[in-house]
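# Examining the three-dimensional arrangement
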Amino acid sequence: MGRSEDLFERAVKRIPGGVNSPVRAYGAIGMAPRFIERADGCYIYDVDGNKYIDYIDSWGPMILGHNFPAVRESVLKACENGLSFGCATEIEVEMAEFICEHIPHVEMVRMVNSGTEAVMSAIRAARGFTGKDKIIKFAGCYHGHSDALLVSAGSGVMTSGVPDSAGVPKGCTQDTMTAVYNDLDSVRALLEEAPDQVAAVIVEAVGANMGVVPPKKGFLEGLRTLCDQYGTLLIFDEVITGFRLAFGGAAEYFGVKPDMVTYGKIIGAGMPVGAYGGRKEIMQMVSPAGPVYQAGTLSGNPIAMAAGLTQLKYLYEHQEVYKDLEAKGQKLYGSMEEILKETGSPYQVNHVSSLGSIFFATEEVRDYTSAKASDTKKFAEYFLHMLKNGIHLAPSQFEAMFLSTAHSDAVIEETLDKVRGFFTK
Ligand SMILES: *Cc1c(COP(=O)(O)O)cnc(C)c1O
């Protein structure tokens with residue numbers, strides 16, 4: 001038994017399931033998770049002395065690679081002044097200005113501590129602003145673990161095989177309507193069903209929590225039109241896609257303007273940060289400016305702001321990274337697709353820029369139902385093969401691979417060799 005196994009044995013006695021977030025568990029694989037000691041660039045090192053090429057990247061924040069020097073230094077420097085004041089600071093103003101100046105659809109922004117909080121608060125603001133209660137989400141889209149959004153919620157929930165969460169009262173989800181991703185008719189039907197009652201349509205502009213499911217041409221544009229038609233706000237949950245597909249996220253990448261947007265992951269560069277923002281008239285509803293209450297003892301924490309703002313500034317000033325990530329994505333995922341073809345493997349690769357997944361499904365994956373048709377046993381075999389060969393993937397069929405700028409061409413080639421190895425076995 002290795003140290004990871006030892007640690008896991010201790011962990012399960014004191015932490016539910018041995019992990020502080022279910023997506024870290026290797027339940028679907030049937031082994032103890034790797035316990036990580038450190039990471040640098042595109043590499044991650046476990047406590048057993050193994051080195052892996054990492055495609056989890058802390059689920060997205062590490063777009064510049066692990067332990068990026070400028071981010072690390074900004075954190076160390078900020079620490080010298082104290083860890084938290086619970087009072088207003090200059091860097092919060094700088095963060096808000098930086099985001100609003102460079103993202104056209106964000107006129108005001110509020111910092112929180114996680115993606116979950118960002119989405120929960122954005123929904124509350126949308127309801128407060130419109131005076132309507134219902135929301136529409138899509139099956140397979142994950143928007144954090146707040147009660148109202150734990151309906152057909154994608155990866156973590158899918159992998160554990162629990163359709164929805166226990167402990168969520170019916171009353172909490174009765175205003176949550178669920179549509180089919182990439183299916184505008186399903187959205188229109190729900191809007192017709194509850195005319196003048198839908199506060200917001202919330203969507204992952206690229207589905208990235210049921211594996212990667214890109215929006216079909218016209219889907220996001222169609223949502224924009226439907227929302228305008230029915231007096232409903234359009235919220236892009238950009239917790240994964242924000243600052244990743246382009247500096248302006250999926251909204252910029254696809255050229256569709258949401259009324260509100262939520263951020264997480266990259267915006268904190270590895271520190272616990274989330275944010276929500278949008279049109280000024282909506283954000284002015286949030287307390288203490290307006291009647292929608294939302295608060296946070298550690299929100300806008302100076303260390304977290306230092307890390308996040310440093311990363312955002314780097315990304316903004318080096319927008320060539322987006323071309324680079326697009327090319328890396330094409331190389332990795334495009335070649336994976338070729339390998340499948342060459343070896344006569346009947347599976348699917350979906351990708352948008354640096355985000356991608358291989359689905360062990362025989363039909364095109366375009367929504368939750370087609371994603372769920374994947375052979376998760378086959379995925380588990382693939383995962384184990386990759387892990388044994390030094391490639392660290394998310395232990396679930398329904399998670400994305402995250403490329404960072406630290407994944408060099410040589411590293412991508414090495415990864416592809418291992419993929420080829422699996423499919424020619
Ligand atoms: C990760 C994620 C969240 C939740 O963020 P946490 O920081 O884990 O609370 C919300 N929405 C999307 C799209 C996510 O990927």
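As the structure is a prediction and not an experimental result, all values here were calculated from the model. (Residues numbered from 1 in each chain as written. Predicted model: local features only at pLDDT ≥ 70, side-chain atom pairs only at ≥ 80, totals over all residues. Heavy atoms only, no water.)

## Thoughts on the site of the ligand
Filter applied, for reference: Nearness here has a simple test: a residue counts as near a molecule or strand if at least one of its heavy atoms is within 4 Å of that partner. N or O atoms closer than or at 3.5 Å make up a polar contact, with two conditions inside protein: a donor-capable atom paired with an acceptor-capable one, and, for residues adjacent in sequence, both atoms drawn from side chains. In short, Shrake-Rupley with a 1.4 Å probe defines the accessible areas, and a residue's cover is counted only from the protein chains shown. Lys, Arg, Asp and Glu make up the charged group, whereas Ala, Val, Leu, Ile, Met, Phe, Trp, Tyr, Cys and Pro make up the nonpolar group; the residues left over, Gly among them, are polar.
Looking at the ligand, the residues that line it are Ser114, Gly115, Thr116, Tyr142, His143, Gly144, Glu204, Asn209, Asp237, Val239, Ile240 and Lys265. Residue threonine 116 places a side-chain N or O atom 2.6 Å away from an oxygen atom belonging to the ligand. For the ligand, whose free accessible area comes to 380 Å², the fraction covered by protein is 83%. Per-class residue counts for the shell around the ligand are three nonpolar, six polar and three charged.

## Things to note about the nonpolar core
As a reminder of what qualifies: Only buried Ala, Val, Leu, Ile, Met, Phe, Trp, Tyr and Cys residues count toward a nonpolar core, and they belong to the same one when joined by side-chain atoms within 4.5 Å. Only protein chains enter the accessibility calculation, which uses a 1.4 Å probe; a residue is then buried when its area is under 20% of its type maximum, exposed when over 50%, and partly exposed in between. Numbering of helices and strands starts at the N terminus; helices are DSSP runs of H or I of at least 4 residues and strands are runs of E of at least 2. Bear in mind that the domain bounds are from an automatic or database domain assignment. For this analysis, residues touch if any pair of their heavy atoms sits within 4.5 Å.
Membership of the largest hydrophobic core comes to 45 residues, with the highest contact counts inside it found for Ile136, Phe138 and Leu223. Looking at this core, the element that brings in the most residues is helix H8 (residues 219-230), giving six residues. Of the residues that make up this core, three or more belong to each of domain 1 (3-67 + 319-424) and domain 2 (69-317). Residues in contact with phenylalanine 138, not counting those within four places in the same chain, are Ser152, Thr178, Ala179, Val180, Tyr181, Val187, Val201, Ile202, Val203, Phe219 and Leu223.

## Details of the packing of aromatic side chains
Here is the rule we go by: Two aromatic rings from Phe, Tyr or Trp, using only the six-membered ring of Trp, form a pair when their centres are within 6.5 Å; if the ring planes differ by under 30 degrees the pair is stacked, by over 60 it is edge-to-face, and anything between is tilted. Here, a charge over a ring is recorded when the distance from Lys NZ or Arg CZ to the ring centre is within 6 Å and its angle to the ring normal is within 35 degrees.
Enumeration over the complete set of coordinates arrives at 22 aromatic pairs. Members of the aromatic cluster, connected to one another through ring pairs, are Tyr26, Tyr347, Phe360, Phe379, Tyr382, Phe383, Phe422 and Phe423. The ring of tyrosine 45 has arginine 38 sitting right over it, with the charged end atom 3.9 Å from the ring centre. Positioned over the ring face of tyrosine 43 is lysine 51, at 4.2 Å from the centre of the ring.

## Some details on the domain arrangement of the protein
The line we're drawing: Values labelled buried area give the accessible surface lost by two parts on being combined, using a 1.4 Å probe and summing over both. By salt bridge we mean one thing: a side-chain nitrogen of Lys or Arg within 4 Å of a carboxyl oxygen of Asp or Glu.
Partitioning the protein into domains gives domain 1 (3-67 + 319-424) and domain 2 (69-317). Placing a centre on the C-alpha atoms of domain 1 and another on those of domain 2 gives a separation of 24 Å. With 39 residues of domain 1 at the contact, the number on the domain 2 side is 39 residues. Around 3200 Å² of area is buried between domain 1 and domain 2 when both sides are counted, 61% of it from carbon and sulfur atoms. Run the count over domain 1 and domain 2 and you get one salt bridge. With a closest N to O distance of 2.4 Å, glutamate 364 and lysine 216 form a salt bridge. The interface formed by domain 1 and domain 2 includes 14 residue pairs in polar contact (both at pLDDT 80 or more). Looking at the side of domain 1 that touches domain 2, the elements with two or more residues in it are helix H12 (320-342), strand S11 (348-352), strand S12 (355-359) and helix H13 (368-372). Per-class residue counts for the side of domain 1 that touches domain 2 are 21 nonpolar, 11 polar and seven charged.

## Some details on the UniProt feature "modified residue: N6-(pyridoxal phosphate)lysine" (unreviewed entry) in the protein
Where we set the bar: UniProt positions are given in the numbering used here, feature names are shortened, and annotations may be inferred rather than shown by experiment.
Residues annotated by UniProt as "modified residue: N6-(pyridoxal phosphate)lysine" (unreviewed entry) correspond here to Lys265. Locating lysine 265 in the fold gives a position in the loop between strand S9 (260-263) and strand S10 (274-278). Not counting chain neighbours up to four residues away, the residues in contact with lysine 265 comprise Trp59, Pro61, Val239, Ile240, Gly270 and Val273.

## So, the sheet that holds strand S1 (residues 36-40)
Hydrogen bonds between backbone atoms are what pair the strands of a sheet, whose relative direction is either parallel or antiparallel. To be explicit about the condition: The pairing criterion is simple: DSSP has to find at least two bridges between the two strands.
Read across the open sheet, the four strands follow the order S1-S2-S3-S13; overall the sheet is mixed. The open sheet terminates on both sides in strands that have one partner only, identified here as S1 and strand S13 (391-392). For S1 and strand S2 (residues 43-46), the ladder comprises four bridges, and the chain directions are antiparallel. When the bridges of S2 are listed, aspartate 40 appears paired with tyrosine 43.

## Some details on the side chain of asparagine 209
Relative to the helices and strands, asparagine 209 is located in the loop between strand S7 (198-203) and H8. In terms of polar contacts, asparagine 209 uses its side chain to reach the side chain of glutamate 204, at 3.0 Å.

## Focus on the environment of valine 365
For valine 365, the location among the structural elements is in the loop between S12 and H13. Among the residues examined, valine 365 registers a relative accessible area of 3% and is labelled buried. A C-alpha to C-alpha distance of 7.3 Å links valine 365 and glutamine 348, two positions 17 residues apart in sequence. Apart from residues no more than four positions distant in its own chain, valine 365 is found in contact with Val213, Gln348, Asn350, Phe359, Ser370 and Ala371.

## Digging into the side chain of serine 353
With respect to the secondary-structure elements, serine 353 resides in the loop between S11 and S12. Serine 353 gets classed as buried once you look at its relative accessible area, which sits at 1%. Those residues in contact with serine 353 that sit more than four places away from it in its chain are Leu245, Tyr253, Leu325, Glu326, Gly329 and Tyr333.

## Examining the sheet that holds S12
We count it as follows: Lines fitted to the C-alpha atoms define the axes, with helices restricted to the stretch that makes contact. Angles between their N-to-C directions range from 0 to 180 degrees.
Reading across from one edge, S11-S12-S14 is the order of the three strands in this open sheet, with antiparallel pairing throughout. The open sheet has two free edges, formed respectively by S11 and strand S14 (401-402), since each of these has just one partner strand. Relative to S12, S11 is paired through five bridges, and the arrangement is antiparallel. When the sheet's bridge partners are listed, valine 352 is paired in S12 with leucine 355. Across the sheet, H12 is in contact with S11, S12 and S14; its angle to S11 comes to roughly 170°.

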